[in-house]
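Descriptive structure summary
The chain contents come next:
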Amino acid sequence: MPLSPHDNEAFLREVDEGVRRDRLTDFWTRWGKLAAVALVLAIAAFGGFLYWQHRQTEAAGEQGVQLSQAFEALGAGNVAGAQPTLATLATEGRAGYRALAKYTQADILLQKNDLKGAAAKFAEVAGDTSLGKPFRDLALVRQTSAEFDTLKPQVVIERLRPLAVPGSAFLGSAGEMVAISHLRTGRRDLAGQLFAQIARDDGVPESLRQRAVQMAGAMGVDAVPAPAGAAANQEAR
């Protein structure tokens, strides 16, 4: 006896549901244990990540306290007491604390007039690509300053050229070393132009700007900033 359209539709629906049940049963029989293990591993991995993140935050706080204690020891004149902590942070600390620890170690060496040792510490920071660019740029400037008297002028020029430009946070310090190196190579024109740029940059410390004005003047370049009133009158004309 043929099925009515309604009965036929119900029959097909029951068959379809049965097939789905069979597929689900077959999948769980074949892969159920593996899926359960994968789920457990995923939960464990996520929990491990959260714990690692928590430990990283705690470690950063601990390292901050350690660095502060080292600075306090240095402030009290206890250099020997600060050295072990600085040494640990310089090798095991997080990026920022590692850089600050090495900067401090270099400064201690500078106070001992160990220019070569200080330059080596600054070079470690300058070459550490895990650190931010400002950390590395400052280290490069300070490394060059410590080595300045032993470097060939062209080495200084090539090393610091990218930092000795208007708008750079290091125009004053890097630019002055590059300008002096130009003088040593006989390029008074380039030295005068660079001294003038330093003198006219409001972001450069005033004492350095005044020195740059004098140096630019000696090169025949007028780098004295015009008074504000005079500049306004010139624009009005």
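Here goes a summary of the coordinates provided. (Residues numbered from 1 in each chain as written. Predicted model: local features only at pLDDT ≥ 70, side-chain atom pairs only at ≥ 80, totals over all residues. Heavy atoms only, no water.)

Observations concerning the overall build of the protein chain
Across its full length, the protein chain holds 10 helices and zero strands. Secondary structure elements in the protein chain, listed N-terminal to C-terminal, are α-α-α-α-α-α-α-α-α-α. Taking all 237 residues of the protein chain together, the buried fraction comes to 31%. Carbon and sulfur atoms make up 58% of the accessible area of the protein chain, which totals about 15,200 Å². (Helix = DSSP H or I, 4+ residues; strand = E, 2+ residues; numbered from the N terminus. Buried < 20%, exposed > 50% of the residue type's maximum accessible area, 1.4 Å probe, protein only. Areas by Shrake-Rupley, 256 points an atom, 1.4 Å probe, with all protein chains shown as cover.)

Examining the nonpolar core
Of all hydrophobic cores here, the largest spans 36 residues; its most connected members are Val-141, Leu-160, Leu-163, Phe-195 and Ile-198. Listing elements by their share of this core, those giving two or more residues are α3 (95-111), α4 (115-126), α5 (133-147), α6 (153-160), α7 (171-184), α8 (188-199) and α9 (206-218). Of the residues forming this core, the biggest block, six residues, is contributed by α8. Ignoring any residue separated from it by four or fewer positions in sequence, one finds Ile-198 in contact with Leu-171, Gly-172, Gly-175, Glu-176, Val-204, Leu-208, Arg-209 and Ala-212. Within the second largest apolar cluster, nine residues are counted, among which are Leu-67, Ala-73, Leu-86 and Ala-101. (Core = buried A, V, L, I, M, F, W, Y, C linked by side-chain atoms within 4.5 Å. Contact = heavy atoms within 4.5 Å.)

With respect to the packing of aromatic side chains
The geometry of an aromatic ring pair comes down to the distance between the two centres and the angle between the two planes. One pass over the full model with this rule turns up two aromatic pairs. Ring geometry for Tyr-103 and Phe-122: centres 6.1 Å apart, planes at 50°, overall tilted. Placement of the pair is Tyr-103 in helix α3 and Phe-122 in helix α4, with a sequence separation of 19 residues. By the burial criterion, Tyr-103 is buried, and Phe-122 matches it. (Phe/Tyr/Trp six-rings, centres within 6.5 Å; stacked < 30°, edge-to-face > 60°.)

Details of α8
The end-to-end C-alpha distance of α8, which contains 12 residues, comes to 16 Å, matching closely the 16 Å that a straight helix rising 1.5 Å per residue would cover. Buried within α8 we find Ala-191, Gly-192, Leu-194, Phe-195, Ala-196, Ile-198 and Ala-199. (Expected span 1.5 Å × (residues − 1).)

Quick word on the pattern of salt bridges
Two side chains carrying opposite charge are able to pair once their charged atoms lie near each other. Summed over the entire model, instances satisfying the criterion amount to 10 salt bridges. Where Glu-147 meets Arg-159, a salt bridge forms, and the shortest distance between an N and an O atom there is 2.9 Å. Of this pair, Glu-147 sits in helix α5 while Arg-159 sits in helix α6, and the two are 12 residues apart along the sequence. In the salt-bridge network here, residues are joined through shared partners; they are Asp-202, Glu-206 and Arg-209. (Salt bridge = Lys/Arg side-chain N within 4 Å of Asp/Glu carboxyl O.)

Some thoughts on the packing of α3 against α5
Viewed as axis vectors pointing N to C, α3 and α5 meet at an angle of 15°, and their least axial separation amounts to 12 Å. Relative to α5, the element α3 is oriented roughly parallel. The two elements α3 and α5 meet at a crossing, and its hand is left-handed. Of the residues in α5, those in contact with Gly-96, Ala-99, Tyr-103, Asp-107 and Leu-110 of α3 are Phe-135, Leu-138, Ala-139, Arg-142 and Ala-146. (Axes fitted to C-alpha atoms, helices over the stretch in contact; angles between N-to-C directions. Parallel < 35°, antiparallel > 145°, perpendicular 65-115°, else oblique. Left-handed = near helix turned anticlockwise from the far one by under 90°.)

A closer look at unusual backbone geometry
Positioned with a positive phi, Asn-113 is a non-glycine residue whose angle comes to about 65°. As for its placement among the helices and strands, Asn-113 is situated in the loop between α3 and α4.

Digging into the side chain of Gln-143
Tracing the sequence through the fold places Gln-143 in helix α5. A relative accessible area of 9% places Gln-143 in the buried class.

Description of α6
Along α6, the residues that are buried comprise Val-156, Ile-157 and Leu-160. Down the axis, α6 shows its buried residues gathered within 100° of arc, on one side only. The secondary structure elements touched by the buried residues of α6 are α5 and α7. (Arc of directions from axis to C-beta.)

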